[in-house]
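The primary structure of each chain is shown beneath.
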Amino acid sequence: MTRWTAQTRQNYVSVTPYNYTDTSIHGFQGTHQPAIWMGESGPAIVSTGAGKVRPVFEDRGMSFSHANEISTASYYSVIMDAIEGGKIIAEQSATSRVGHLRFTFKDTQAPYVLLEATRAFVVGSDDPTNLTYPHGSISIDPARHEITGRNPERQDFIIGPSHAPSFAGYFCARFDVPFASFGTAQNGSIAENATAGEGALLSGFARFAEGTRVVNVRVGVSFISVEQARKNLDTEIPDGTALEETARKTRAEWAEKSDRVDVQGGSEEENVIFYTAVFHTLQYPYEQSEDGKYYSGYDDTVHEGVSYTGYSIWDTFRAEWAWQILLAPERIPGMVQSMLQDYREGGWLPMWKNIVETNIMVGTHADSLIAEAVVKGIRDFDLQTAWEAVLKDATVPPENDWNTSYFDREQHVGYEVRAGLSSVYATHGWVASDIHSEAASRTLDYAYDDYAASALAAAVSEEEWATKLRERAFAAPFSIFNNETGFMEARNASGAWAGQGAGWTEGDMWAYTFDVVHDVPELIKRRGGNASFVAFLDEHFDGGHNDHTNEPSHHIPYYYSLAGAATKSQERIREIAKVNYNTSTNGLSGYACPSYALRPSLLTERAIMQNEDCGQMSAWYIFSALGFYPVDPVSAEYVIGTPFFDKVTVHLPGAEHPLVISSRGAPKKPYIKSVSVNGRMLASPVLKHEDIASGGLVVFEMSDKPQAWSSSTLVKDDARYEHVEL
């Protein structure tokens with residue numbers, strides 16, 4: 001639910017709490033900011049110091065060195081230079097809803113800890129001087145050694161159709177040392193001995209007796225109430241629990257997940273990249289429920305049930321969801337049911353839920369998540385409600401569909417869902433660029449969502465709808481294919497082309513011309529057949545058009561395999577992995593983002609990255625390292641690429657046998673000579689989910705030279721293949 005991080009900056013949309021380039025720490029933040037381009041919600045912020053109490057962010061920063069930082073998935077520590085002399089050692093661990101911090105004071109005087117209830121925050125991201133001042137509350141109970149508070153900060157309040165009027169983050173901080181004195185601070189002014197306060201720029205603090213060397217504080221958080229935050233604290237880290245015990249418990253929980261995958265071979269760096277990726281892919285969506293209840297901002301009510309938030313679905317429907325289905329299937333029913341609760345309470349499935357819907361990105365890709373789960377055999381949720389919700393996405397346009405652009409972060413609009421559904425998509429097959437923003441991308445995304453909806457319709461025996469939606473899914477993409485140029489291009493309502501630069505979402509005509517993952521054969525045909533299509537792919541890569549920092553390009557290297565040029569897939573995939581993933585502080589490529597560390601668990605220094613997109617960047621690496629990728633996730637098929645390791649064993653939950661992927665020599669041999677699945681040789685580069693879902697054996701025969709396997713388009717004319725006996 002909450003990730004605890006050292007705070008080096010005031011975070012807002014486009015800025016995260018921790019930046020590796022900074023040299024001072026201003027506090028420790030229980031953050032609910034799921035991605036750099038999303039806003040914070042109800043954070044709990046703990047600051048420490050010695051001497052004068054410093055409630056103002058700019059005044060309380062203490063210098064530190066990365067040489068004195070330790071960060072793992074379960075424990076973080078740092079040595080800071082106290083402002084008035086001496087050192088303060090901060091250590092922290094966490095469970096889902098409780099942060100556990102320990103401060104050790106060396107050669108300091110008058111140690112204190114401060115809890116910040118409210119602060120000013122930046123509205124949007126364009127103007128850092130455009131601030132708003134939420135009003136919260138603070139309460140100090142010296143007898144219980146507690147400071148509690150309410151923080152209504154929700155930075156994304158200016159976007160999306162749901163206002164979550166009663167939303168707040170609540171906290172209950174309990175100390176193991178009596179208070180020598182205490183008070184509140186507001187707008188920088190100290191009120192000694194005050195036990196409560198309300199308003200903006202509000203904090204509460206406790207001082208400890210001279211000579212106090214160690215202070216432990218556990219901070220329970222909640223989206224329901226202070227009482228629930230206190231209950232979460234007592235449940236997850238009860239009194240008497242040592243920090244080491246909390247860290248040990250969190251480490252064991254993460255080890256249980258990472259131990260589901262055993263990698264053999266490869267370099268130390270490649271192993272670090274892989275296991276860090278596993279860690280990243282299990283971060284989101286995150287738990288919004290607590291003690292069997294959750295606050296819903298859609299109807300401003302507390303409900304019974306399991307709930308999740310942080311659904312970056314435009315990113316994660318591509319591969320992360322498929323990985324979670326494989327590695328953590330026990331979580332999938334609750335995640336789907338959470339989306340269905342959002343539908344019941346708010347009227348629609350989520351697109352980008354950050355506490356409530358934000359209207360960020362395009363497409364209704366929850367349709368894909370639900371359909372993929374169903375076709376892969378996960379149905380432990382309300383299937384009829386799922387169909388009802390997905391059908392609504394496919395058939396009901398948003399309000400004022402002909403008059404609202406729904407440009408990125410447009411304010412004062414309703415649910416975006418499939419903007420443009422009624423303004424010519426439903427009748428002609430494309431979204432009109434002169435009416436709606438990002439129209440070409442919307443057209444292609446809606447087509448895939450129709451395809452997903454058709455698969456779900458078939459699963460619930462709605463055959464008529466399955467046929468209708470499937471027909472639209474296969475027709476719509478090519479309504480914007482310009483036969484004259486060979487590229488996808490946006491069209492206006494009249495049918496006129498809108499221009500090659502118009503209508504794209506975080507991509508361009510190069511990336512999106514390849515965005516027909518459910519009908520690759522037709523795309524190849526439109527581009528002149530296999531040989532011509534392979535040449536087009538070469539032009540795409542060699543011309544520098546492939547942008548792995550953003551998701552629309554992620555599946556493209558696998559297209560070579562589907563066009564009879566598997567060896568080129570193998571070469572491109574290895575190249576992308578080498579260029580975009582490493583163990584440096586900027587070791588994960590991402591879209592224009594500074595470095596960032598998050599936890600409920602705590603990222604290793606090596607894993608601090610640019611932009612993870614809630615796990616999708618790492619999911620690409622994991623699947624690619626295994627040797628296959630879900631190009632079309634709803635199909636329940638994977639396209640073969642090139643494995644990175646000698647052997648990977650995945651202990652699939654509930655399966656009788658592990659999934660063993662054997663590819664001897666793969667770290668130095670990128671090419672595939674043959675592939676067998678459970679003893680059956682694969683003639684084509686497609687692996688079915690049913691072949692691996694219950695465990696099994698996939699054997700890759702690797703080579704250091706290009707091979708003929710699935711490369712018939714290349715073998716005829718490429719001299720590199722002369723050594724291969726066909």
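Everything below is about the structure shown above.
Residues numbered from 1 in each chain as written. Predicted model: local features only at pLDDT ≥ 70, side-chain atom pairs only at ≥ 80, totals over all residues. Heavy atoms only, no water.

Chemist: Sorry, what's going on with the nonpolar core here?
Modeler: For soluble globular proteins, the rule of thumb is that nonpolar side chains tend to be buried together. If you look at the biggest cluster of nonpolar residues, it comprises 152 residues, and the most contacted ones within it are Phe-274, Met-339, Ile-370 and Phe-623. When residues no more than four places from it in sequence are discounted, the contact partners of Met-339 are Tyr-311, Ile-313, Trp-321, Leu-349, Pro-350, Ala-366, Leu-369 and Ile-370. (Core = buried A, V, L, I, M, F, W, Y, C linked by side-chain atoms within 4.5 Å. Buried < 20%, exposed > 50% of the residue type's maximum accessible area, 1.4 Å probe, protein only. Contact = heavy atoms within 4.5 Å.)

Chemist: Help me understand the sheet that holds strand β18 (residues 202–207), please; the structure alone is not making it clear to me.
Modeler: Adjacent strands of a sheet form backbone hydrogen bonds with each other and so pair up, either parallel or antiparallel. Taken together, seven strands build an open sheet; the order of strands is β1-β3-β4-β9-β18-β15-β16 and the sheet is antiparallel. At either margin of the open sheet sits one strand with a lone partner, and together these are β1 (3–7) and β16 (189–192). Each adjacent strand pair in this sheet contributes to an overall mean axis angle of 25 degrees, direction not counted. Where strand β9 (residues 111–116) meets β18, five bridges bridge the pair, whose relative direction is antiparallel. From the neighbouring strand, Leu-114 faces β18, where its bridge partner is Phe-205. (Pairing = 2+ DSSP bridges. Helix = DSSP H or I, 4+ residues; strand = E, 2+ residues; numbered from the N terminus. Axes fitted to C-alpha atoms, helices over the stretch in contact; angles between N-to-C directions.)

Chemist: What should I look at first to understand the layout of surface pockets in this one?
Modeler: In this approach, a probe sized like a water molecule rolls over the atoms, and the result shows the empty space that is left. Estimated volume of the largest pocket: approximately 600 Å³. Surrounding the largest pocket, 26 residues form its lining, Glu-253, Trp-254, Leu-282, Glu-287 and Arg-331 being those nearest its centre. Listing elements by their share of the lining of the largest pocket, those giving two or more residues are α2 (243–258) and β21 (286–287). The biggest single contributor to the lining of the largest pocket is α2, with six residues. Partitioned by chemical class, the residues of the lining of the largest pocket number eleven nonpolar, six polar and nine charged. (1 Å grid on protein atoms, 1.4 Å probe; cavity = no way out; pocket = protein on both sides within 12 Å on 5 of 7 lines; lining within 4 Å. Points joined across faces, edges and corners; volume = space filled by probe spheres on them. Nonpolar A, V, L, I, M, F, W, Y, C, P; charged D, E, K, R; others polar.)

Chemist: Could you clarify how one ought to interpret the pattern of salt bridges in this entry?
Modeler: Pairing is possible between side chains of opposite charge, provided their charged atoms come close. For the structure on display, the rule yields 40 salt bridges. The closest approach of N and O atoms between Arg-174 and Glu-146, which form a salt bridge, is 3.0 Å. In this pair, Arg-174 sits in strand β14 (residues 169–175) while Glu-146 sits in strand β13 (residues 146–151), placing the two residues 28 residues apart along the sequence. Like Arg-174, the residue Glu-146 is buried in the burial classification. Linking Arg-409 and Asp-408 is a salt bridge whose minimum nitrogen-to-oxygen distance equals 3.7 Å. Taking relative accessible area as the criterion, Asp-408 reaches 45% and is therefore assigned partly exposed. Each of the salt bridges in this network shares a partner with another, and the network as a whole consists of Arg-144, Glu-146, Arg-174, Arg-218, Arg-230, Asp-234 and Asp-239. (Salt bridge = Lys/Arg side-chain N within 4 Å of Asp/Glu carboxyl O.)

Chemist: Please clarify how the packing of helix α5 (residues 320–327) against helix α6 (residues 332–346) should be interpreted in this entry.
Modeler: Axis separation between α5 and α6 bottoms out at 10 Å; the angle between their running directions is 135 degrees. Classified by the interaxial angle, the pair formed by α5 and α6 is oblique. Within the contact between the two elements, α5 uses Trp-321, Gln-324 and Ile-325 and α6 uses Ile-332, Met-335, Val-336 and Met-339. Residue classes in the contact of α5 with α6 are distributed as six nonpolar, one polar and no charged. (Parallel < 35°, antiparallel > 145°, perpendicular 65-115°, else oblique.)

Chemist: What am I meant to see in the packing of aromatic side chains here?
Modeler: Within a pair of aromatic rings, the relevant descriptors are the distance that separates the centres and the angle that separates the planes. For the coordinates displayed, the defined rule picks out 35 aromatic pairs. Plain terms: the ring middles of Phe-167 and Tyr-295 are 6.3 Å apart, the flat faces sit at 45 degrees to each other, and that makes the pair tilted. Within this pair, whereas Phe-167 is found in the loop between β13 and β14, its partner Tyr-295 is found in strand β22 (residues 293–296), the two being separated by 128 residues in sequence. Taken individually, Phe-167 and Tyr-295 each receive the classification buried, so the pair is uniform in this respect. Taken together, the aromatic side chains of Trp-323, Tyr-558, Phe-623, Phe-628, Tyr-629 and Tyr-638 make up a single cluster linked through ring pairs. Residue placement shows Arg-527 over the ring face of Phe-487; its charged tip is 5.9 Å from the ring centre. The ring centre of Phe-536 lies 3.5 Å from the NZ or CZ of Arg-527, which sits over that ring. (Phe/Tyr/Trp six-rings, centres within 6.5 Å; stacked < 30°, edge-to-face > 60°. Lys NZ or Arg CZ within 6 Å of the ring centre and 35° of its normal.)

Chemist: How should I be thinking about the sheet that holds strand β27 (residues 356–357) in this particular structure?
Modeler: Spatially, three strands are ordered β25-β26-β27 in an open sheet, and the strand pairing comes out antiparallel. The open sheet terminates on both sides in strands that have one partner only, identified here as β25 (311–312) and β27. Where strand β26 (residues 352–354) meets β27, two bridges bridge the pair, whose relative direction is antiparallel. The residue of β27 that forms the bridge with Asn-354 is Val-356.

Chemist: Sorry if this is basic, but what is going on with the packing of helix α16 (residues 566–580) against helix α17 (residues 616–626) here?
Modeler: If you want to describe how two helices pack, look at the angle between their axes and the distance between the axes. Interaxial distance between α16 and α17 falls to 11 Å at its minimum, and their mutual angle equals 135 degrees. By the angle between their directions, the pair α16 and α17 is classed as oblique. As α16 runs across α17, the sense of the crossing is left-handed. In this structure, α16 uses Ile-573, Ile-576 and Ala-577 to contact α17, whose residues at the interface are Trp-620, Tyr-621 and Ser-624. Split by residue class, the contact of α16 with α17 holds five nonpolar, one polar and no charged. (Left-handed = near helix turned anticlockwise from the far one by under 90°.)

Chemist: I tried to follow α17 on my own but got confused; where do I start?
Modeler: In an α-helix, one turn spans 3.6 residues; hence positions three or four apart end up facing the same way. Buried residues dominate α17, accounting for eleven of its eleven residues. Along α17, the residues classified as buried are Gln-616, Met-617, Ser-618, Ala-619, Trp-620, Tyr-621, Ile-622, Phe-623, Ser-624, Ala-625 and Leu-626. Residue Gly-627 follows α17 closely and has a positive phi angle near 110 degrees.

Chemist: What should I look at first to understand helix α9 (residues 421–428) in this one?
Modeler: All of the buried residues along α9 are Leu-421, Ser-423, Val-424 and Tyr-425. Within α9, the buried residues cover an arc of 155 degrees as seen down the axis, which keeps them to one side. For α9, the elements touching its buried residues are α8 (383–395), α10 (439–459) and α11 (463–475). Immediately beyond the C-terminal end of α9, within one or two residues, lies Gly-429, with a positive phi of roughly 105 degrees. (Arc of directions from axis to C-beta.)

Chemist: It is not clear to me how the pairing of strand β8 (residues 98–106) should be interpreted in this structure. Could you clarify?
Modeler: Across the nine residues of β8, eight count as buried, placing the element largely inside the fold. With eight bridges connecting them, strand β7 (residues 87–94) and β8 associate as antiparallel partners. Paired with Ala-90 across the bridge in β8 is Phe-103. Linkage of β7 to β8, two consecutive antiparallel strands, is achieved through a turn of three residues. Here seven bridges tie β8 to strand β19 (residues 214–222), and the two strands are oriented antiparallel to one another. The partner of His-100 across the bridge, within β19, is Arg-218.

Chemist: How should the pairing of β1 be read in this particular structure?
Modeler: Put simply, side chains in a regular strand alternate between the two faces of the sheet. Within β1, five of the five residues are buried, which leaves it mostly tucked inside the rest of the structure. The sheet contact formed by β1 and strand β3 (residues 27–31) spans five bridges and is antiparallel. Following the sheet pairing, Thr-5 is matched in β3 by Gln-29.

Chemist: When you look at unusual backbone geometry in this model, what are you seeing that I'm missing?
Modeler: The phi angle of most residues is negative, glycine excepted, and most peptide bonds adopt the trans form. Residue Pro-285 is reached from Tyr-284 by a cis peptide bond, and omega for that bond is -5 degrees. Among the structural elements, Pro-285 can be located in the loop between α3 (268–281) and β21. Here Arg-409, not a glycine, exhibits a phi torsion of approximately 65 degrees, which is positive. Among the structural elements, Arg-409 can be located in the loop between α8 and α9. Note on Arg-409: relative accessible area 23%, which makes it partly exposed.

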